[in-house]
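Descriptive analysis of the structure
The chain contents come next:
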Amino acid sequence: MSKTFQRTLITSALPYANGPVHIGHLAGVYIPADIYARYLRLKGEEVLFIGGSDEHGVPIALKAKAEGISPQEIVDRYHYIIKKSFEDFGITFDIYSRTTSAIHYKTASDFFRKLYDKGEFIEKTSEQYYDEEAKQFLADRYITGECPHCANKNAYGDQCEACGTSLTPLDLIDPKSAISGSVPVLKETKHWYLPLDKHEAWLKKWILEDHKEWKSNVYGQCKSWLDMGLQPRAVSRDLDWGIPIPVEGGEGKVLYVWFDAPIGYISNTIEHSPDDWEKWWKDESSRMIHFIGKDNIVFHCIVFPAMLKADGTYILPENVPANEFLNLEGDKISTSRNWAVWLHEYLEDFPEKQDVLRYVLTANAPETKDNDFTWKDFQARNNNELVAVFGNFVNRALVLTHKYFEGKVPARGALNDYDRATLDEFKRIRQDLEDCLNQFRFRDALKEAMNLARIGNKYLADTEPWKLAKTDMERTAAILNISLQIAANLAIAFEPFLPFSSEKLKRIINKKDLNWNGLGSIDLLGADHQLNQPELLFEKIEDEMIEKQIQKLQDTKKANNQNPN
RNA sequence: CGCGGAGUGGAGCAGUUGGUAGCUCGCCAGGCUCAUAACCUGGAGGCCGUGGGUUCGAGUCCUUCCUCCGCAACCA
């Protein structure tokens, strides 16, 4: 329960490199992971934060075919866009690599080989649909045909969307390949399976008994799978894009992307720390946390742990704080329908406003259920919270100090009861903030940080130093000293969430070396410390900027309605 | 048919082991004027998705049904 760990390995889901990244990716996975990584680093803990592009799999192979270029060209295109978006938004990966790297090929290949040699797989031969024109086996969803239940002509091989019945490709009447349109034929093929059923007993104990603290969506999903009973799961595919199966009989077959992708976490660690990567993965004093979206729960909580256990030398994740999904203006985010706010486009329209998006996505993070992102909410949170509460307080404290004390931190002198009550309150916030962060409740944590600014505003309103300055400079000095200490505390408290603004605030108060241990202190800024000129931390976002974004989405919707597919 | 998550004032969310329904934003009124018309105080506004049950007492436990999201093992 209260195990202590020496270091923390933070992984974030590998984004699939068939498109750029959007706000849903950021809100669900990368911002929470980055907040957590920054928080631990600020506390002085040893952290490794891993990311990378997931570049194999059928959709990329098909997209390449459709565009008449190689899969490698597709993933090269998106990998660099994705990588740059993360850098631009201040996601502080220690390494952001990719699953087409040489080291990953070797790592994944060796991983498979070891499990193969240990006898951890079973082999099965089955009949599957094969497209003779495209010369490839077809995944269920790439076969269409008539639904045997409702006669819908466009049912998929896994499900009929018209009546909701789940199907297998063999159920379809008049099956057709979605790739070439030809009629597929059944053909025998051999695959390797990870027998999850053999791992069921320890998985049950490990999750259902030892990890009751996992989020309810994660725990519930795992329980559901475990109660249903696990089945062997294929870890190879008939495909020419991926990591070749490194054993006899594996010709023309590759690792299933879901086998290959999580190994990417390991490869990236090796790439980052070739000499001591094992301490992160094989030492019981290391803690591993997977940040993912809800669609990945089963892979990170059941399949990947089973793979690690099958190998036998790895530690298992300590927690898997999966988020739900973010919708956009009431509709599901969709790459194919272009219904998204793309990160690279956001920065063109809102340059330097990374923190505004980071703030809004954290304040409205889909932690317990799907949430909706709207541009009106984005504007309101910026104008009413960042500008009015946080930015305004800092500005007030700075302007007053420049006005009465030439920008030098005045000496504090004695505290009165009201000062002490205020300080007690803002010391309490540190504890609340840490409690929230430790439980991966980032939305609440951010609210606590904002409460610190609220305390500051209330303190100024109640003590009215602009009035006292006419009669009692000593008291005015004490009040401004405390206000400035609160401002310095804000720079620390917000650093995990709004790193760019925190940097700016530190520049304004002319104080670089602040760390988490200083949070709650009223001695961060010494008497006579010279402050810089006040600058606005955030600026208002006007209606026209927002209307432009809403218009852009309406245009997308109109275009989609004209070309429905 | 199934499994998991969610359904709380206009919006977004909290509600710990059942005991007078809270927070942020918006709205209304007042105060202040140092501050980016920002800030502070007060107020209005809720049959806690639906029907039933357990209990002295249920947002909280049991159950019926409805809605949304995800999963359902070859969608990464």
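Residues numbered from 1 in each chain as written. Chains lettered and ligands numbered in written order. Predicted model: local features only at pLDDT ≥ 70, side-chain atom pairs only at ≥ 80, totals over all residues. Heavy atoms only, no water.

Quick word on the environment of Ile 289
Formally: Helix and strand assignments follow DSSP, with helices taken as H or I runs no shorter than four residues and strands as E runs no shorter than two, numbered in order from the N terminus. Each residue's exposure class comes from its accessible area (1.4 Å probe, protein chains only) as a fraction of the maximum for that residue type: buried when under 20%, exposed when over 50%, partly exposed otherwise. Residue contacts follow a heavy-atom distance rule, with two residues in contact if any of their heavy atoms lie within 4.5 Å.
In this structure, Ile 289 sits in strand β13 (residues 286-291). A relative accessible area of 0% means that Ile 289 is categorised as buried. Spatially, the C-alpha atoms of Ile 289 and Glu 352 are 30 Å apart, while their sequence positions differ by 63 residues. Leave out the neighbours within four places in its chain, and Ile 289 touches Thr 8, Leu 9, Ile 10, Thr 11, Tyr 36, Glu 318, Asn 319, Pro 321 and Phe 440.

Brief notes about the environment of Ser 126
Stated formally: In protein, a polar contact requires one atom able to donate a hydrogen and another able to accept it; more generally it is a pair of N or O atoms within 3.5 Å, and residues adjacent in sequence count only if both atoms are side-chain atoms.
Note on placement: Ser 126 falls in strand β4 (residues 122-131). Aside from chain neighbours lying at most four places away, what touches Ser 126 is Lys 187, Glu 188 and Thr 189. Among the polar contacts made by the side chain of Ser 126, one reaches the side chain of Gln 128 at a distance of 3.5 Å.

Digging into unusual backbone geometry
The residue Glu 329 is not glycine, and still its phi comes out positive at about 45°. Note on Glu 329: relative accessible area 29%, which makes it partly exposed. Phi is positive for Asn 510, close to 60°, though the residue is something other than glycine. Take Asn 510: it is sitting in the loop between α17 (499-508) and α18 (543-562).

Considerations on the nonpolar core
For clarity, the threshold we go by: Throughout this description, the term nonpolar core refers to a set of buried Ala, Val, Leu, Ile, Met, Phe, Trp, Tyr and Cys residues connected via side-chain atoms within 4.5 Å. Domain start and stop points were drawn from an automatic or database domain assignment.
The biggest cluster of nonpolar side chains holds 173 residues, and the ones touching the most others in it are Phe 259, Trp 281, Phe 373, Phe 378 and Phe 390. Sorting elements by how many residues they give to this core places helix α1 (residues 23-42) first, with 13 residues. Per-domain counts for this core show at least three residues from each of domain 1 (7-119 + 199-232 + 257-332) and domain 3 (375-565). Discounting chain neighbours no more than four positions away, the residues touching Phe 259 are Phe 111, Phe 112, Leu 115, Phe 121, Val 235 and Met 307.

Overview of the pattern of salt bridges
Definition in use: Any carboxyl oxygen of Asp or Glu within 4 Å of a side-chain nitrogen of Lys or Arg constitutes a salt bridge here.
Following the criterion strictly, the structure yields 44 salt bridges and no others. A salt bridge links Arg 7 to Asp 283; its shortest N-O distance comes to 3.6 Å. With Arg 7 in strand β1 (residues 7-12) and Asp 283 in the loop between α8 (278-282) and β13, this pair connects stretches of sequence that are 276 residues apart. Under the relative-accessibility criterion, Arg 7 is labelled buried at 11%. Its salt-bridge partner being Glu 434, residue Arg 430 comes within 3.0 Å of it at the nearest N-O pair. Taken together, the residues Arg 430 and Glu 434, both in helix α13 (residues 417-438) and four residues apart, mark about one turn of the helix. We classify Arg 430 as partly exposed; its relative accessible area is 22%. One connected set of salt bridges, linked through shared partners, spans Arg 7, Glu 46, Asp 276, Lys 279 and Asp 283.

Examining the sheet that holds β4
Note the cut-off: In this analysis, strands are considered paired if DSSP registers two or more bridges between them.
Strand order in the open sheet made by the four strands is β5-β4-β9-β10, with antiparallel pairing throughout. Looking along the sheet, the strands with just one partner apiece sit at the ends: β5 (136-137) and β10 (233-234). In the sheet, β4 pairs with strand β9 (residues 185-194) via nine bridges, with the strands oriented antiparallel. What sits directly across from Ser 126, in β9, is Thr 189.

Some thoughts on the pairing of strand β2 (residues 46-53)
Threshold: Handedness of a crossover: with both strands directed away from the viewer, a clockwise path from the first strand across the helix to the second marks it as right-handed.
Here β2 lies mainly inside the structure; seven of its eight residues are buried. In this sheet, β2 lies alongside β1 in parallel orientation, the contact comprising five bridges. Across the sheet, the residue bridging to Thr 8 is Val 47, located in β2. Crossover connection from β1 via α1 to parallel β2: handedness right-handed.

A closer look at the protein's contact with RNA strand B
Basically, it comes down to this: Being near a molecule or strand, for a residue, comes down to having at least one heavy atom within 4 Å of it. Classes in brief: Ala, Val, Leu, Ile, Met, Phe, Trp, Tyr, Cys and Pro nonpolar; Asp, Glu, Lys and Arg charged; the others, Gly included, polar.
Around RNA strand B there are 55 residues in total, and Pro 59, Gln 128, Trp 258, Lys 332 and Asn 371 lie nearest to it. Protein-adjacent atoms of RNA strand B, using a 4 Å cutoff, are sugar or phosphate at a proportion of 76%. By residue class, the composition of the surface near RNA strand B is 19 nonpolar, 17 polar and 19 charged.

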